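# A closer look at the structure
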Amino acid sequence: MKKLMLTRRRFLTAAAAGLAGTALAGCDAFDGMMAPGSPVRNFLAGANDLTLGVQRALIGREALAREFSESEIRQGMRPNGATNPNSMDYMFLRQGNFGLYTLEVGGLCEAPQSWSLEELHNMPSRTQITRHDCVEGWSCIAKWTGVPLAHILGEVKPRASARFVVFHCFDVHAGGAGGVPYYESIDMIDAYHPQTILAYGMNGAPLPVENGAPLRVRIERQLGYKMAKYISRIELVEDLSPLWGGKGGYWEDLGYDWYAGI
Ligand SMILES: Nc1nc2c(c(=O)[nH]1)N[C@H]1C(S)=C(S)[C@@H](COP(=O)(O)O)O[C@H]1N2
Ligand SMILES: [Mo]
């Protein structure tokens, strides 16, 4: 407990100095601190609201995650979680190289719409080289290209009541009758963040199936499990409780934090 208190104080001191972003962005620092059983990991896991508050109050809601140079991409992007969904609808789309894929965006918005992959490719794009940190304790640096989610929101015009963006995915996991699909959600601050993109490209090539083809989201200020792959549909909602386990995401329904800020 004493150790935890100390770590907590040090964390808050770093945050107060505006250094938390850089401290947490260091690879070694991150790996050590996020090791299973480490006090920082336990603290981060248990103090969801505090990290959210500290990060937003002291580092700023619009602060960017660190971006890297091409030479810092030293490894392939390690696939994790689902890597080849076997739902009928996904296999059908995959067989046609996603030519028949459409992204449907609806829910609490004035102008629900759907777009083909080609239409998404023709929208404004953003490319960023960032580090993906999985809660399991590994990291990868990769280059991502996609449409800023802010652009999509501009097209569909969210209603004032829309508080969350929900990503529904094609992959179905064990649990419950008929399985549970992967899904995730973020608030409007992360949704409009300039580095939040719907990625269709990775390391200069089309997004591979194992990394979430045809479309996956990048939310660079949060941990890997927030970054839904195999997005089938996006929904704007006011309340997360009616969806599946009610906690806003597949892993959240199993006990992970909804806000996984890093
Ligand atoms: N649809 C879907 N998205 C997902 C997952 C998943 O199993 N299914 N796993 C998550 C986890 S835990 C991580 S670390 C990343 C892995 O992304 P990658 O395969 O590109 O490394 O995807 C996240 N998004
Ligand atoms: Mo992960």
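As the structure is a computational prediction, the values presented were derived from the model and not from experiment.

## Concerning the side chain of Ser87
In this structure, Ser87 sits in the loop between helix H5 (48–59) and helix H6 (88–95). Within the structure, Ser87 has its side chain in polar contact with the side chain of Asp89 (distance 2.9 Å).

## Brief notes about the pattern of salt bridges
When their charged atoms lie close together, side chains carrying opposite charge are able to pair. In the structure shown here, the tally under the stated rule is 9 salt bridges. Linking Glu72 and Arg66 is a salt bridge whose minimum nitrogen-to-oxygen distance equals 3.6 Å. With a closest N to O distance of 2.9 Å, Glu184 and Lys226 form a salt bridge. Linking Glu184 in strand S6 (residues 180–187) with Lys226 in the loop between strand S9 (216–218) and strand S10 (231–237), this pair joins segments that are 42 residues apart in sequence. A relative accessible area of 0% means that Glu184 is categorised as buried. Bridged by salt links that share partners, the residues Glu184, Lys226 and Glu252 form one connected network.

## Thoughts on the nonpolar core
Among the nonpolar cores identified, the biggest contains 55 residues, and Leu149, Val165, Phe167 and Leu198 are the most heavily contacted of them. At 5 residues, the largest contribution of residues to this core is made by strand S7 (residues 197–202). The contacts of Val165, once residues within four sequence positions are left out, are Leu149, Leu153, Glu184, Ser185, Ile186, Met188, Ala191, Ile234, Glu235 and Leu236. In this structure, Phe164, Val166, Tyr183 and Leu240 belong to the second largest nonpolar core, which totals 6 residues.

Calculation notes
Residues numbered from 1 in each chain as written. Chains lettered and ligands numbered in written order. Predicted model: local features only at pLDDT ≥ 70, side-chain atom pairs only at ≥ 80, totals over all residues. Heavy atoms only, no water. Helix = DSSP H or I, 4+ residues; strand = E, 2+ residues; numbered from the N terminus. Polar contact = N/O pair within 3.5 Å; in protein donor to acceptor, adjacent residues only side chain to side chain. Salt bridge = Lys/Arg side-chain N within 4 Å of Asp/Glu carboxyl O. Buried < 20%, exposed > 50% of the residue type's maximum accessible area, 1.4 Å probe, protein only. Core = buried A, V, L, I, M, F, W, Y, C linked by side-chain atoms within 4.5 Å. Contact = heavy atoms within 4.5 Å.

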